[in-house]
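Residues per chain are reported as follows:
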Amino acid sequence: RVSFSTDRRLVLDAHTSHRTPPSLTLRTAAGAPVSVVAPPRTDLLATLDLVVPELTTVPADDGFPLPARIVRPKGFDPGRRYPVIVNPYGGPSSPTVRDGFYGGSSLFEQVLARAGYAVVNIDNRSATGIAKKLEDPVARRVWSDNELADVLAGVRWLKAQSWVDPGRVGIWGWSGGGTFTLLAMTRSTEFKAGIAVAALVDG
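Inspection of the secondary structure puts Val-97 in the loop between β7 (82-86) and α1 (105-114). Given the relative accessible area of 15%, Val-97 is considered buried. Once residues within four sequence positions are removed from consideration, Val-97 is found in contact with Leu-55, Pro-67, Ala-68, Arg-69, Asn-121 and Asp-123.

Residues lying three or four places apart along an α-helix face the same way, a consequence of the helix completing one turn every 3.6 residues. For helix α3 (residues 145-159), which comprises 15 residues, the first-to-last C-alpha distance of 20 Å matches the rise-based estimate of 21 Å (1.5 Å per residue) to within 8%. Among all positions in α3, only Glu-147, Leu-148, Asp-150, Val-151, Leu-152, Ala-153, Gly-154, Val-155, Leu-158 and Lys-159 are buried. At its buried positions, α3 is contacted by β5 (54-59), β6 (65-71), β7, β8 (118-122), β9 (164-174) and α4 (176-187).

A rise of 1.5 Å per residue sets the reference length of α4, with its twelve residues, at 16 Å; its end C-alpha atoms lie 16 Å apart and thus fit the reference within 8%. Taken together, the buried positions of α4 are Gly-176, Gly-177, Gly-178, Thr-179, Phe-180, Thr-181, Leu-183 and Ala-184. In this structure, the buried side of α4 is in contact with α3, β9 and β10 (193-197).

One open sheet holds the six strands; their spatial order is β5-β6-β8-β7-β9-β10, and the pairing between them is mixed. The sheet is open, and its two borders are formed by β5 and β10, each paired with just one other strand. Each strand of the sheet is rotated relative to its neighbour by a mean of 25 degrees, with strand direction disregarded. Pairing between β9 and β10: five bridges, direction parallel. Looking across to β10, one finds that Trp-172 is bridged to Ile-195. Along the sheet, α1 contacts β6, β7, β8 and β9; its crossing angle with β6, the most-contacted strand, is approximately 60 degrees.

Let us now look at the sheet that holds strand β2 (residues 10-17). Ordered in space as β1-β2-β3-β4, the four strands form an open sheet in which the pairing is antiparallel. Two strands close off the open sheet at either side, each with one partner strand: β1 (2-4) and β4 (33-38). Each adjacent strand pair in this sheet contributes to an overall mean axis angle of 20 degrees, direction not counted. The pairing of β1 with β2 spans three bridges and is antiparallel. In the strand pairing of β2, Val-2 is matched with Asp-13.

Calculation notes
Residues numbered from 1 in each chain as written. Predicted model: local features only at pLDDT ≥ 70, side-chain atom pairs only at ≥ 80, totals over all residues. Heavy atoms only, no water. Helix = DSSP H or I, 4+ residues; strand = E, 2+ residues; numbered from the N terminus. Buried < 20%, exposed > 50% of the residue type's maximum accessible area, 1.4 Å probe, protein only. Contact = heavy atoms within 4.5 Å. Expected span 1.5 Å × (residues − 1). Pairing = 2+ DSSP bridges. Axes fitted to C-alpha atoms, helices over the stretch in contact; angles between N-to-C directions.

In structure tokens, the structure reads:
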């Protein structure tokens, strides 16, 4: 993320990735570094022994590459089959798949990984933020069967992977993700269990 000074001559550049904690650098508008305000504290990572998420894509039914983020279980053994927890949000131009450092539910994912679960985020195409034309078809129809179809295609791809236990795939979400979870649990049979937190519902 970048923030410009009022005269547009300087930029505060906040940077992070899955392997790099947040840093803050002051730059010229052309991008040249002026001063490192806060360096990334990579020295703190070794003691945490975190599982680094993997970024990939999974195919929708029509072949559209859906962005996906996979946190494999701690001590992952490709010869085993693991339970999977899918964590969607699904709102328009609100991607959950990003190359960003841990925070919020990402730390909860580390707890689940240590308990032997894989955690997967799959962004339906309208949530990716790639282009407005992908968002327009779901305007005023947020969390509909359109978004669900993409995530279900991703889940079917997951179940076909040798390391996934297809009978133990769950789903959970918060707020809009909670609503998406209710949609998934009532309009599909792909999930063994679901937890909807602070879902947006009638009544």
